[in-house]
Amino acid sequence: MKKIDNCENSTVLVALLLAGILLVMGGYRIFSYLCENGGMNVTTFLLGAAALVLGAVFWAVSRRATPHTPYADMTALRDRSVANPAEIFRDKRAWLYLLCCFLYLCFQNGIAVWLPNYYKTVHHMAGGAANAMLTLFFLGALVVRMLSPLVYKRMLVRTFYLLTCFLSAGVFAVLLLTPSLAVQRVLLVLLGLLQGAEVPAL
């Protein structure tokens, strides 16, 4: 992770961005397939086996990653947490942080299920087209995670987090009130940008 944060090679960074986008799009296409084909067949078992293999590979690779905090000097806090892992929870802000993470994950998981059903029911879209609308949302969320370090050079992280929270609520309301599907596609990408911005900000 440190090597990626310090990388200045634009070709490598663009390749990582595109790889991430393709992985996310592919993952949600697989998710939508499993939702539409809930039966236990050969394809389902093959996807499950592939997920287990990838999970094992990611676990093995992640053991080599060194956790770090690029936006603050947390050396003293890390040293204290080694002696007492629960030390961080003495601060009330830690509990607030956990609450924010929990609510954000509730929204993300909820919209992953609700959004395709909304377009199937209200706009009478086919399954593939409805799932493509969800892909637009997560495409925006993925892009902003790559771009967020550039934003932090011009704006405080706390300001960025609060701004994206309130703006995303407004964009979501406009999305539901807009009849044009073309405009809704643009708003979904924008909503993904604003919602996805909250992950690195947290």
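Residues numbered from 1 in each chain as written. Predicted model: local features only at pLDDT ≥ 70, side-chain atom pairs only at ≥ 80, totals over all residues. Heavy atoms only, no water.

S.K.: How should I be thinking about the confidence of the model for the protein chain in this particular structure?
M.R.: One rule of thumb: low pLDDT means the predicted coordinates there are not for detailed reading. Per-residue confidence for the protein chain gives a mean pLDDT of 77; residues scoring 70 or more make up 74%. Within the protein chain, no element has a lower average pLDDT than helix α1 (residues 2–5), which sits at 53, and none a higher one than helix α8 (residues 181–196), at 88. (pLDDT = per-residue confidence, 0-100. Helix = DSSP H or I, 4+ residues; strand = E, 2+ residues; numbered from the N terminus.)

S.K.: Help me understand the nonpolar core, please; the structure alone is not making it clear to me.
M.R.: When a protein is soluble and globular, its nonpolar side chains tend to lie buried together. Ranked by size, the top nonpolar core spans 17 residues in total, and within it Leu 115, Tyr 119, Phe 137, Leu 175, Leu 188 and Leu 191 carry the most contacts. Mapped onto this core, the elements with two or more residues apiece are α5 (92–121), α6 (127–152), α7 (157–177) and α8. Not counting the four nearest positions on each side in its chain, Leu 115 is found in contact with Met 133, Leu 134, Phe 137 and Leu 188. (Core = buried A, V, L, I, M, F, W, Y, C linked by side-chain atoms within 4.5 Å. Buried < 20%, exposed > 50% of the residue type's maximum accessible area, 1.4 Å probe, protein only. Contact = heavy atoms within 4.5 Å.)

S.K.: What exactly am I supposed to notice about the packing of aromatic side chains here?
M.R.: Any pair of aromatic rings gets described here by the distance separating the centres and the angle formed by the planes. In total, this model carries 5 aromatic pairs according to the counting rule given. For the pair Phe 107 and Phe 172, a centre-to-centre distance of 6.3 Å together with 80° between the ring planes defines the contact as edge-to-face. Of this pair, Phe 107 sits in helix α5 while Phe 172 sits in helix α7, and the two are 65 residues apart along the sequence. Relative accessible area serves as the criterion here: at 28%, Phe 107 is assigned to the partly exposed category. Classification of Phe 172 by relative accessible area gives partly exposed; the value is 22%. Judged by centre distance (5.0 Å) and plane angle (90°), the ring pair of Phe 137 and Phe 138 falls under edge-to-face. Residues Phe 137 and Phe 138 agree in their burial class; the two are buried. (Phe/Tyr/Trp six-rings, centres within 6.5 Å; stacked < 30°, edge-to-face > 60°.)

S.K.: I tried to follow the side chain of Gln 108 on my own but got confused; where do I start?
M.R.: On the secondary structure map, Gln 108 appears in helix α5. Among all residues touching Gln 108, those that are not within four sequence positions of it are Phe 137, Phe 138 and Arg 145.

S.K.: Quick question: what am I supposed to make of the packing of α5 against α8 here?
M.R.: Packed helices, taken two at a time, are described by their axes: the angle between them and the distance between them. Where α5 meets α8, the closest approach of the two axes is 13 Å, and the angle between their N-to-C directions is 170°. Taken together, the axes of α5 and α8 lie roughly antiparallel to each other. Residues Tyr 104, Phe 107, Ile 111, Leu 115 and Tyr 119 of α5 pack against Leu 181, Gln 184, Leu 188, Leu 191, Gln 195 and Gly 196 of α8. Residues of the contact of α5 with α8, tallied by class, amount to 8 nonpolar, 3 polar and no charged. (Axes fitted to C-alpha atoms, helices over the stretch in contact; angles between N-to-C directions. Parallel < 35°, antiparallel > 145°, perpendicular 65-115°, else oblique. Nonpolar A, V, L, I, M, F, W, Y, C, P; charged D, E, K, R; others polar.)

S.K.: Whenever I open this one, α7 confuses me. Can you help?
M.R.: Quick reminder: α-helices carry 3.6 residues per turn. Residues three or four places apart thus point the same way. In this model, α7 (21 residues) spans 30 Å end to end at C-alpha, consistent with the 30 Å of a helix rising 1.5 Å per residue. Phe 160, Tyr 161, Thr 164, Ser 168, Val 171 and Leu 175 are the residues of α7 that are buried. Buried residues of α7, viewed axially, fall in a sector of 100°; they line one side. Along α7, exposed side chains directed more than 90 degrees from the buried face belong to Arg 158, Phe 166 and Leu 177. (Expected span 1.5 Å × (residues − 1). Arc of directions from axis to C-beta.)

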